[in-house]
Amino acid sequence: IDPDSHYDYDWDDMVECPAAMNGTTFCPKGYFQDTQKVYFHGAPVYAKVIREPHVEIDGMKTVDWLDIQTHEVVLSTLAYSQVKELFTYVSVDFLVDNSGHVKPVARLMTYRDLIGSSWLAFVASMVTSVVVAFPGIVHPVHQMWSDKNCRNRKVALEVVFRSSIMLFCAIQLIVRSTQSPMSSLYNELLHAYVDQEPGHSTDDTTLLNHYLEALDHIQKRTDNEMLFRMVAYILLYLQFLQLMMYFAFHPRMGVLTATIGKASSALAHFFVLFGLLFCMLAFMAHWMLGTRIGEFQTFGKTI
């Protein structure tokens, strides 16, 4: 068996049944079939619903559910908090390397639906930001168009800063307004579990498909939230630069910005020198302590 090859059969396990059990519910074609293949993010996975761990885990051991081709085992569940409208995906990933070592990794993803007063506050904040930013864009653009003396870098940066904020708030408002509530997807998942017949493999497949669909939605939305947070972080930096520009017009506060501007060349050379020395010291620590201390195992961790 090639441990690097991907298992792509319709069932994870197919065990030949005794002749007396051929044609029964458990052995419809002379084989006991366990854990049907489903797809998650386009990749085949073999997911299993665990209801009675003390019984089902023993059965998984009997049929060798885990073998040499197992690279990752994920134990996961979904949690819902009705008061705060929080949907949380909790998982523990057991990563298996080629030498058989198992490394557990815990993951937690939480998504919150904006409803009621939270949604109204969000809409009010986004609309207010767009309305306030719009005149601040039109006025300098009109000045640059009508007066050539106003066509300078500071006015152009002012337009870019405010346009970025207005565009970001408008996109946030549109994306949030077009998203379906996570509660409806969670209700479908809950009914798929409650309404199923025990021991029915078709119902298990339906439940798993609902579960993976809910997980996919939560993951996509948390990824979008992280993207929005990164963009907001960049916009905060732009606001910081804009604030520094405003300080430059004040006779007292402008001294600080003027000093930083005149020292920018020396500061740039200092940071280059500091970065080189810091990386050199980090590599020396990784080279000497990497085999003994976990924080120095890789160059990235050492930095």
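Residues numbered from 1 in each chain as written. Predicted model: local features only at pLDDT ≥ 70, side-chain atom pairs only at ≥ 80, totals over all residues. Heavy atoms only, no water.

Draft legend 1. Fine view of the overall build of the protein chain. When helices and strands are counted, the protein chain shows eight helices and six strands. The helix and strand sequence of the protein chain, counted from the amino end, reads β-β-β-α-β-β-β-α-α-α-α-α-α-α. For 303 residues, the compact-globule estimate of 2.2 N^0.38 gives 19 Å, and the protein chain exceeds it by more than 25% at 29 Å. Projected onto its principal axes, the C-alpha coordinates of the protein chain cover approximately 95 × 55 × 35 Å. When the 303 residues of the protein chain are sorted by exposure, 24% land in the buried category. Residue pairs in contact within the protein chain that sit at least 24 positions apart in sequence constitute 51% of those at least 6 positions apart. Carbon and sulfur atoms make up 66% of the accessible area of the protein chain, which amounts to about 21400 Å² in all. Of note, the protein chain has its 22 positive side-chain charges centred 22 Å away from the centre of its 30 negative side-chain charges. (Helix = DSSP H or I, 4+ residues; strand = E, 2+ residues; numbered from the N terminus. Rg over C-alpha atoms; globule rule 2.2 N^0.38 Å. Buried < 20%, exposed > 50% of the residue type's maximum accessible area, 1.4 Å probe, protein only. Contact = heavy atoms within 4.5 Å. Areas by Shrake-Rupley, 256 points an atom, 1.4 Å probe, with all protein chains shown as cover. Lys, Arg positive; Asp, Glu negative; His and termini not counted. Charge placed at Lys NZ, Arg CZ, Asp CG, Glu CD.)

Draft legend 2. Focus on the pairing of strand S4 (residues 72-81). Pairing analysis gives 10 bridges linking S4 to strand S5 (residues 86-96), with the strands arranged antiparallel. Within the sheet, the bridge partner assigned to Glu 72 lies in S5 and is Leu 95. (Pairing = 2+ DSSP bridges.)

Draft legend 3. Representation of the packing of aromatic side chains. Overall, the coordinates contain eight aromatic pairs when judged by the stated rule. Pairing Phe 168 with Phe 228 gives two aromatic rings, centres 6.1 Å apart and planes at 75°, and the pair type is edge-to-face. Of the two residues, Phe 168 sits in helix H3 (residues 153-178) while Phe 228 sits in helix H5 (residues 201-247), which places them 60 residues apart along the sequence. Relative to Tyr 237, the ring of Tyr 233 lies with its centre 5.2 Å away and its plane at 85°, an arrangement referred to as edge-to-face. Within this pair, Tyr 233 and its partner Tyr 237 are both found in helix H5, separated by four residues, close to a single helical turn. Look at Tyr 237 and you get partly exposed, because its relative accessible area is 48%. Three or more aromatic residues link up through ring pairs in this structure, and these residues are Phe 270, Phe 271, Phe 274 and Phe 278. One residue, Arg 176, lies across the ring of Phe 122, its end atom 5.6 Å from the ring centre. (Phe/Tyr/Trp six-rings, centres within 6.5 Å; stacked < 30°, edge-to-face > 60°. Lys NZ or Arg CZ within 6 Å of the ring centre and 35° of its normal.)

Draft legend 4. Summary view of the sheet that holds strand S2 (residues 31-40). With antiparallel pairing, three strands are arranged side by side in an open sheet as S1-S2-S3. The two strands at the open ends of the sheet, each matched to only one other strand, are strand S1 (11-16) and strand S3 (43-46). Here the average twist between neighbouring strands, direction ignored, is 25°. Note: S1 against S2, five bridges, orientation antiparallel. (Axes fitted to C-alpha atoms, helices over the stretch in contact; angles between N-to-C directions.)

Draft legend 5. Main features of the side chain of His 286. Counting through the fold element by element, His 286 comes out in helix H7 (residues 264-289). Dropping the residues within four chain positions of it, His 286 is found in contact with Phe 296, Gln 297, Thr 298, Phe 299 and Thr 302.

Draft legend 6. Molecular detail of a nonpolar patch on the surface. On the surface, Leu 256, Ile 260, Leu 267, Phe 270, Phe 271, Phe 274, Phe 278, Phe 283, Trp 287, Phe 299 and Ile 303 cluster together into a nonpolar patch covering about 1200 Å² of accessible area. Broken down by secondary-structure element, the contributors of at least two residues to the nonpolar patch are helix H6 (254-262) and H7. The greatest single-element share of the nonpolar patch, amounting to seven residues, is contributed by H7. Considering the arrangement of structural elements, one finds Phe 270 in helix H7. (Patch = residues over 30% accessible without salt bridge, like charges linked within 9 Å, V, L, I, M, F, W, Y side chains within 5 Å. Salt bridge = Lys/Arg side-chain N within 4 Å of Asp/Glu carboxyl O.)

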